[in-house]
Amino acid sequence: MSEFLKRYKEMGQEIVPFKPPTAIRTNILKITPQELRKRLEERGVKLTKIPYSPYGFIVESRFALSSTPEHLLGYFYIQEAASQVPVEVLKPKGITVDCCAAPGGKTTQMAMYSDIVLAYESNFKRIDGLKNNLERLGISNCIVYNLDARKIEGNFDKILVDAPCSGNMLADSEWLDKQTLKNVVQRSELQKEILGNMIRCMNSGGELVYSTCSLEPEEDEMVVDWALKKFDVELMRIDTVGDPGLAEFQGKQFDDSIKYCRRLWPNKTKTQGFFVAKFKR
């Protein structure tokens, strides 16, 4: 058995790999969810409302949704259900920062609620894809920067740190064979550098959502616990899908408030794995 599957059992979970259902998010800048649903159902697509995403649907289709006129017109974004959670938890408004923006799922989601989105992406090769999605969805309130999140400066009220992470087995069928604990630990150090810098950019009273699509405590609870000890921030309660954050792992006890985080276990939520925490200064 994979060392990762053994670790999940230690955390009280048994995950059997499966393919999460396709999900979309309505782009309310161009169409209402009701109008989109009507148009897609007329094409034979079955849509089921995602209860924790106001504009999201699980979809079943006999053909590629990316080939539909509705997709080409920017009426929706193909976005996995769990991936829609962090922005809804952040509740963007005013000027919002997405510090790891490409390919743009969460950036375009934040643009529906914000006056301005500042989208930072460190990898220049990924910026064209981000800009293409912004153009397709008709987003005009987003400014894109080619800049590493560890070098961002400023003072902001709303920040999303959807951090680069090691991923999970549902996003990559070969993940269990390719991934190592060494890689996980190395990734957690990068996450701390990004999160630490963005916490420094928070205004008093500002809010920051930290999220990953990793199930590994080193990238989730341990990063959050580190931030709570190092910075003058606190965790906010999150009212959304998922289990509370872990209280401890392999003998290491975490701050009691980490129970306010949300851990989306695939075997429970029927999505890819995800972790979400919300800080306030």
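About the cut-offs
Residues numbered from 1 in each chain as written. Predicted model: local features only at pLDDT ≥ 70, side-chain atom pairs only at ≥ 80, totals over all residues. Heavy atoms only, no water. Helix = DSSP H or I, 4+ residues; strand = E, 2+ residues; numbered from the N terminus. Buried < 20%, exposed > 50% of the residue type's maximum accessible area, 1.4 Å probe, protein only. Arc of directions from axis to C-beta. Contact = heavy atoms within 4.5 Å. Salt bridge = Lys/Arg side-chain N within 4 Å of Asp/Glu carboxyl O.

Caption draft 1: A look at unusual backbone geometry. The omega torsion across Ala 102 and Pro 103 is 5°, close enough to zero to call that bond cis. Within the secondary structure layout, Pro 103 lies in the loop between β5 (95–98) and α5 (105–111). Positive phi, close to 55°, is recorded for Lys 91, a residue that is not glycine. Inspection of the secondary structure puts Lys 91 in the loop between α4 (85–90) and β5.

Caption draft 2: Seen up close, helix α2 (residues 33–42). Looking at α2, one finds that the buried residues are Pro 33, Leu 36 and Leu 40. The buried residues of α2 occupy an angular sector of 65° when projected down its axis, which confines them to one face. Exposed residues lying more than 90 degrees from the buried face of α2 are Gln 34, Lys 38 and Glu 42. Packed against the buried residues of α2 are β1 (23–26), β2 (46–49), β3 (56–60), α3 (69–72) and β4 (76–78). Gly 44 sits one or two residues past α2 and shows a positive phi near 90°.

Caption draft 3: Representation of the pattern of salt bridges in the model. With the rule as written, the count across this model stands at 19 salt bridges. One salt bridge connects Arg 39 with Glu 70, and the closest N-O pair in it is separated by 2.9 Å. Note that Arg 39 is positioned in helix α2 and Glu 70 in helix α3, a separation of 31 residues in sequence. With a shortest N-O distance of 3.6 Å, Arg 263 and Asp 220 are connected by a salt bridge. You can see Arg 263 sitting in strand β14 (residues 262–264) and its partner Asp 220 sitting in the loop between β9 (202–212) and α9 (221–230), a full 43 residues away along the chain. Just as Arg 263 is buried, Asp 220 falls in that class too. Overlapping salt bridges, with partners in common, bring together Arg 7, Glu 216 and Glu 218 in one network.

Note that every value here comes from positions in space, so none of it alone points to a role or purpose.
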